[in-house]
Amino acid sequence: MGQDRNPQAEQMGDESMARNLAHQADAIWPQEQHLFSRYRLAGALNILDLGCGTGEITLRLAARFPQAQLLGIDILESNLALARRENAGTTGRIRYEQGDAFALAVADSSIDLLVCRHMSQAVPDFALVLAEISRVLKPGGWLHLLSEDYGMLQMPVGDRDPDRFWNENAVAFLHSIGCDGRIGRHSPTLLANAGYRDIAMDYVIVDTLRVPRPTFAGIIKAWRDGYAESLAKASGRSVDETRADFESIISAIETPPQYAVWHVPVISGRKP
């Protein structure tokens, strides 16, 4: 994948991303795992975890589908090295490969369940990735798509306005590199235009009532460490000002009884 197809290579390869993926898995999976029952899949399945990162969810999928064969694909070999290190105990059911989401080295109509999480907002032209997803899914196969949307984070408003921060910094940065920071709300339409059936939109609620405050704050801290400079550049603000916004959000999450919430869209659909 060329740099234009992976414009966040620097951020994705930063050590903060491994922390972020671990915190996100801890925050999101307890609610998300129940959505897989909808697909009524069992037995000797072929599952592809596209954009698998460090394998946090690949391992959880292996536990959820104990007879399945799983393939985790990621663009970054550094992520896959971490994933392979944690692969013990899966009796060879999981393998990891470096690959390009725009040109998957996977056979046509070979996948029963394709899971794609936290990736759609990170690449331009996600519709092209969706075309590859459709190619490798079996007829009747399911797509489970977690698409981030930076207009769906709500934190307390004080001296700083977090709504403006997300929209004028995070969304602006993603727009500047050709990505969609609001792709969560656009994903059901993308699936419909691609011909998927039985489309559903669910939300995992990451908030200070359901998720431990240190876990939720850990996600934002990892974003701060990996993205503050890039967001500052995209918005024309100083790095210090950008970091101050992050610190205000982190403080609100960490400090009871203040309330903060991130609605995480999970879209599913079945290939005809």
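Calculation notes
Residues numbered from 1 in each chain as written. Predicted model: local features only at pLDDT ≥ 70, side-chain atom pairs only at ≥ 80, totals over all residues. Heavy atoms only, no water. Helix = DSSP H or I, 4+ residues; strand = E, 2+ residues; numbered from the N terminus. Buried < 20%, exposed > 50% of the residue type's maximum accessible area, 1.4 Å probe, protein only. Contact = heavy atoms within 4.5 Å. Areas by Shrake-Rupley, 256 points an atom, 1.4 Å probe, with all protein chains shown as cover. Lys, Arg positive; Asp, Glu negative; His and termini not counted. Charge placed at Lys NZ, Arg CZ, Asp CG, Glu CD. Phe/Tyr/Trp six-rings, centres within 6.5 Å; stacked < 30°, edge-to-face > 60°. Lys NZ or Arg CZ within 6 Å of the ring centre and 35° of its normal. Pairing = 2+ DSSP bridges. Disulfide = S-S within 2.5 Å. Expected span 1.5 Å × (residues − 1). Arc of directions from axis to C-beta.

## Observations regarding the overall build of the protein
Looking only at helices and strands, the protein has nine helices and eight strands in total. C-alpha atoms of the protein, sized along the principal axes, occupy 55 × 35 × 35 Å. Counting across all 272 residues of the protein, residues that qualify as buried make up 53%. Partitioning the intrachain contacts of the protein with sequence separation of at least 6 by distance along the chain shows that 80% fall at a separation of at least 24. Of the roughly 11,400 Å² of accessible surface on the protein, 49% is carried by carbon and sulfur atoms. Side-chain charges in the protein split into 27 positive and 34 negative, and the spacing between the mean points of these groups amounts to 6 Å.

## Thoughts on the packing of aromatic side chains
We describe a pair of aromatic rings using the distance from one ring centre to the other and the angle between the two ring planes. Tallying each qualifying case throughout the model produces twelve aromatic pairs. Directly above the ring of Phe 65 sits Arg 64, whose terminal nitrogen or CZ lies 4.9 Å from the centroid.

## Examining the pairing of strand β4 (residues 111-117)
The element β4 is largely enclosed, with a buried count of seven among its seven residues. Direction of pairing for strand β1 (residues 46-50) relative to β4: parallel, over a ladder of four bridges. The partner of Leu 48 across the bridge, within β4, is Leu 114. When β4 meets strand β5 (residues 137-146), the two strands line up parallel, connected through six bridges.

## With respect to the state of the cysteines
Per the stated rule, a full pass over the model turns up zero disulfides. Among the cysteines around Cys 116, which has no disulfide bond, Cys 52 carries the closest sulfur, lying 11 Å off. For Cys 116, a relative accessible area of 0% translates into the label buried. For the unlinked cysteine Cys 179, the closest cysteine sulfur is that of Cys 116, found at 13 Å. Exposure remark for Cys 179: the relative accessible area of 7% places this residue in the buried category.

## Considering helix α9 (residues 239-254)
With 16 residues, α9 extends 22 Å from end C-alpha to end C-alpha; this agrees with the ideal 22 Å at 1.5 Å per step. For α9, every residue scored as buried is listed here: Thr 242, Asp 245, Phe 246, Ile 249, Ile 250, Ala 252 and Ile 253. For α9, the angular spread of buried residues about the axis comes to 160°, placing them on one side. Structurally, α9 contributes buried residues whose contacts are with α6 (162-176) and α8 (213-235).

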